[in-house]
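Descriptive analysis of the structure
The lines below spell out each chain.
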Amino acid sequence: MNDSVLTQLAEVLESRKQAEPDSSYVAKLYAKGLDSILKKIGEEATETVMAAKDGEKDKIVYEVADLWFHTLVLLAQQNLHPDDVLKELARRFGMSGLVEKANRTD
Ligand SMILES: N=c1c2ncn([C@@H]3O[C@H](COP(=O)(O)OP(=O)(O)OP(=O)(O)O)[C@@H](O)[C@H]3O)c2ncn1[C@@H]1O[C@H](COP(=O)(O)O)[C@@H](O)[C@H]1O
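The following refers to the structure shown. (Residues numbered from 1 in each chain as written. Predicted model: local features only at pLDDT ≥ 70, side-chain atom pairs only at ≥ 80, totals over all residues. Heavy atoms only, no water.)

Here we take up the side chain of Thr48. Inspection of the secondary structure assignment puts Thr48 in helix α3 (residues 34–54). By relative accessible area, which is 14% here, Thr48 ends up buried. Within polar-contact distance, the side chain of Thr48 engages the backbone oxygen of Glu44 at 2.8 Å. For Thr48, the contacting residues outside a window of four places in its chain are Glu63, Val64 and Leu67. (Helix = DSSP H or I, 4+ residues; strand = E, 2+ residues; numbered from the N terminus. Buried < 20%, exposed > 50% of the residue type's maximum accessible area, 1.4 Å probe, protein only. Polar contact = N/O pair within 3.5 Å; in protein donor to acceptor, adjacent residues only side chain to side chain. Contact = heavy atoms within 4.5 Å.)

So, in structure tokens, the structure goes:
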């Protein structure tokens, strides 16, 4: 179920590239450009931190959903797909974070 929500949302985000900015929040974000998308990601990350500090579980879920949503908008804007991230997580799966860090080249 969760995978299909990501896939369906990715399809909607792709389709919004052809939409008029006035007709869609996502189309408006695309029209404003990369910096506006990045600004939203920064805001939603901060709101996630504040929700966690407040210890409100419902708010944490709500803010993480906003954060994930805006990172999905970024992926679409960059012509990337959630599968690209899921593949990377799958590659790391089962590998100690310490080993993964030691293998990083960047
Ligand atoms: N999942 C979401 C989603 N989550 C959050 N948001 C929007 O993200 C914004 C969150 O920003 P804020 O909390 O700062 O609220 P805001 O003050 O309205 O935001 P700004 O105007 O300041 O940018 C709100 O406008 C939310 O409505 C979303 N907007 C759209 N979607 C999905 O994207 C699809 C396409 O949306 P449209 O392009 O609007 O049709 C929808 O059908 C949904 O499935």
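Next up on the list: the side chain of Glu63. Within the secondary structure, Glu63 is located in helix α4 (residues 57–77). Salt bridges are absent for the buried Glu63, whose nearest opposite-charge side chain, Lys59, sits at 5.5 Å. Not counting the four nearest positions on each side in its chain, Glu63 is found in contact with Glu44, Glu47, Thr48 and Ala51. (Lys, Arg positive; Asp, Glu negative; His and termini not counted. Salt bridge = Lys/Arg side-chain N within 4 Å of Asp/Glu carboxyl O.)

The next thing to look at is the site of the ligand. Around the ligand lies a shell formed by Leu9, Val12, Arg16, Ser24, Tyr25, Val26, Lys40, Glu44, Asp66, Phe69 and His70. Within the contact set of the ligand, an oxygen atom lies 2.9 Å away from a side-chain nitrogen or oxygen of Arg16. In the model, an oxygen atom of the ligand is placed 3.4 Å from a nitrogen or oxygen of the Glu44 side chain. With the chains in place, 51% of the 830 Å² that the ligand exposes on its own is no longer accessible. At the level of elements, α1 (2–15), α2 (25–32), α3 and α4 are the ones that each hand at least two residues to the shell around the ligand. (Near = heavy atom within 4 Å. Areas by Shrake-Rupley, 256 points an atom, 1.4 Å probe, with all protein chains shown as cover.)

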